[in-house]
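# Coordinate analysis (summary)
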Amino acid sequence: MKRLEYIFIMFAAILLTTSCSKDDLLPDGSTDAPVTGQTQTYTFTVSPDITMEGDARTRTEGTPEEMPTRCFMQIFGNNVYLDVQKGESIDNGSFTFSVKLPNMAYTFLFWADNADNVSENPPTDLRAIQYTPGTVAFTAREEGKPKEVSDKEVSLKHAVTKLSLQTTEATSASEGESIKVTTTCATTYNVDNPSASSYSKQTATKTFDTPTDFAANSNIATFYFIPTDEAQDVDVEFHLLKQTIQNISLAANSHITLQGNLSENNPKWGATSEYAQKQINYFFKQKDGTTSEGTLNGGVYRFYLPEENITDLEAVLSAIFHKNVKLDLTGIYIIFEEVLDNDYTFTIRNNPTSASRYLDILINNNKTYAIYYNPAYDGLFTNFSVVSNKLKNQTE
């Protein structure tokens, strides 16, 4: 009987010994299992999700221009308020962060972008980031214990709208030429309560380093904005011309393509002040670019244009302002006026009742040219054909 009791005690001891693994023994909290309240180093990996709503279904990776070049993390909760920390870049737009924390619940904020100031002016609070329109930006917000968050790869989602411009007609861009998009967007972003603020009109620009030809139905440029929640107008400038596309709805993490005729021949374009000045210089100045055509008299360059040839002036004005211009010589005083970019004015005043019968051309309220249509001035002032003939050269 005593022998059986001894065997039973030995068997129980063996069972007790084999049921205790190394992981069950926590003599000093130094095993892999984190203990609440104990400080430990955690490594977080974050990666951008390049795909957006509106992208092709087969698209799985972005271009180098779309990849973030810097990434930041900030942690709040349980009496912890950490400064913004910059991540270490690894590959394919991914970043890692290492931080010592007790294994308690926190809020983890992440922001990534491809701003030019990679090393300068980093954000100091991810709840009030100063966003640069035109740059790609990603965000992520995670809640939980460090062990839970670090065990998974954090996915960064776009905080921006991707806006692409596609031309239906062939066109080209010269070296140094720019294409611009202006719309209302945010310049401040809060990752903690994903939201944007400080809305204003902002312009993003792409400048072509080399002469570039675009076939019909090809993409010309792509821009990024943090959008408003309301439909808005989008201004597009190309070839120094401008057109407004109305009532466009933009949303974060979505790809919107605006398609239309972006060639210079599209009559929907309107002139910018830069375009008008370039055209005026072409028509009204000599080849040296400094001396004006016309007969200088009283500080004004004067021309003679037969009244029956008024269409020559209309054609030149149409080319300058990229629209169909008609003049009524029976009108008195102002018969034509254009205000471009809010600060550039071009005005034509008619003086049909005077003996001279002439048109004053005022640029920014300064009388610059005068065109006489009274036959008495034929031969007295330079014939306007020196200006209008340039239109033929321009269209050839």
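The structure this text deals with has already been given above.
Heads up: these notes are all about the structure in this document. (Residues numbered from 1 in each chain as written. Predicted model: local features only at pLDDT ≥ 70, side-chain atom pairs only at ≥ 80, totals over all residues. Heavy atoms only, no water.)

### Here's the deal with a nonpolar patch on the surface
Taken together, the side chains of Ile 332, Tyr 333 and Ile 334 make up a nonpolar region of the molecular surface, amounting to roughly 320 Å² of accessible area. Assignment of secondary structure puts Tyr 333 in strand β23 (residues 333-340). Residue classification places Tyr 333 among the partly exposed residues on the basis of a relative accessible area of 47%. (Patch = residues over 30% accessible without salt bridge, like charges linked within 9 Å, V, L, I, M, F, W, Y side chains within 5 Å. Areas by Shrake-Rupley, 256 points an atom, 1.4 Å probe, with all protein chains shown as cover. Salt bridge = Lys/Arg side-chain N within 4 Å of Asp/Glu carboxyl O. Helix = DSSP H or I, 4+ residues; strand = E, 2+ residues; numbered from the N terminus. Buried < 20%, exposed > 50% of the residue type's maximum accessible area, 1.4 Å probe, protein only.)

### Side note on the nonpolar core
Considering soluble globular proteins, one finds that nonpolar side chains tend to be buried as a cluster. In this structure, Phe 284, Leu 313, Phe 346, Leu 359 and Phe 384 are the most contacted members of the largest nonpolar core, which totals 55 residues. It is helix α4 (residues 310-321) that contributes the most residues to this core, seven residues altogether. Setting aside chain neighbours within four positions, we find Phe 346 in contact with Ile 280, Leu 317, Phe 321, Phe 336, Glu 337, Glu 338, Ile 361, Leu 362 and Ile 363. Counting 38 residues, the second-largest nonpolar core is a separate cluster that includes Val 46, Leu 126, Ile 129 and Val 154. (Core = buried A, V, L, I, M, F, W, Y, C linked by side-chain atoms within 4.5 Å. Contact = heavy atoms within 4.5 Å.)

### Things to note about the sheet that holds strand β11 (residues 161-167)
Taking strand neighbours across the sheet as the criterion, the three strands line up as β16-β11-β19 in an open arrangement whose pairing is mixed. The open sheet has two free edges, formed respectively by β16 (218-225) and β19 (254-260), since each of these has just one partner strand. Averaged over neighbouring strand pairs, the angle between their axes works out to 20 degrees when direction is ignored. Here β11 pairs with β16 via seven bridges, running antiparallel. Residue Thr 167 lies in a different strand from β16, and its bridge partner there is Ser 218. (Pairing = 2+ DSSP bridges. Axes fitted to C-alpha atoms, helices over the stretch in contact; angles between N-to-C directions.)

### Here's the deal with unusual backbone geometry
The backbone of His 322 sits at a positive phi, close to 55 degrees, despite the residue not being glycine. As for its placement among the helices and strands, His 322 is situated in the loop between α4 and β23. With relative accessibility at 15%, the residue His 322 sits in the buried group. Phi is positive for Asn 342, which is not a glycine, with a value near 70 degrees. By the element assignment, Asn 342 lies in the loop between β23 and β24 (344-351). The class of Asn 342 is exposed, set by a relative accessible area of 76%.

### Here's the deal with the packing of aromatic side chains
Given two aromatic rings, one states the distance between the centres and the angle between the planes to describe the pair. With the rule as written, the count across this model stands at 20 aromatic pairs. Between Phe 44 and Phe 108 the ring centres are 5.2 Å apart and the planes differ by 45 degrees, which places this aromatic pair in the tilted class. Placement of the pair is Phe 44 in strand β1 (residues 39-48) and Phe 108 in strand β7 (residues 106-113), with a sequence separation of 64 residues. With respect to burial, Phe 44 and Phe 108 carry one shared label: buried. Plain terms: the ring middles of Phe 208 and Phe 214 are 5.7 Å apart, the flat faces sit at 65 degrees to each other, and that makes the pair edge-to-face. Of the residues examined, Phe 208 reaches a relative accessible area of 5% and is grouped as buried. (Phe/Tyr/Trp six-rings, centres within 6.5 Å; stacked < 30°, edge-to-face > 60°.)

### Looking at the environment of Ala 115
Along the chain, Ala 115 turns up in the loop between β7 and β8 (129-130). In sequence terms Ala 115 and Thr 135 are 20 residues apart; their C-alpha atoms lie 5.8 Å from each other.

### Regarding α4
The end-to-end C-alpha distance of α4, which contains 12 residues, comes to 17 Å, matching closely the 16 Å that a straight helix rising 1.5 Å per residue would cover. Buried residues dominate α4, accounting for nine of its 12 residues. Just downstream of α4 lies His 322, where phi reads positive at about 55 degrees. (Expected span 1.5 Å × (residues − 1).)

### As for the pattern of salt bridges
Following the criterion strictly, the structure yields 15 salt bridges and no others. Between Arg 357 and Glu 307 there is a salt bridge, with the nearest N and O atoms lying 2.5 Å from each other. Placement of Arg 357 in the loop between β24 and β25 (358-363) and of Glu 307 in the loop between β22 (300-304) and α4 is noted, with a sequence separation of 50 residues between them. A cluster of three or more residues bridged by salt bridges with shared partners is formed by Arg 141, Glu 143 and Asp 192.

### Section: the side chain of Thr 228
Relative to the helices and strands, Thr 228 is located in the loop between β16 and β17 (232-238). Of the residues examined, Thr 228 reaches a relative accessible area of 13% and is grouped as buried. Polar side-chain contacts of Thr 228 include one of 3.0 Å to the backbone oxygen of Glu 230. For Thr 228, the side chain forms a polar contact with the side chain of Gln 232, separated by 3.0 Å. With residues up to four places along the chain from it excluded, the contact list for Thr 228 reads Thr 184, Tyr 199 and Leu 250. (Polar contact = N/O pair within 3.5 Å; in protein donor to acceptor, adjacent residues only side chain to side chain.)

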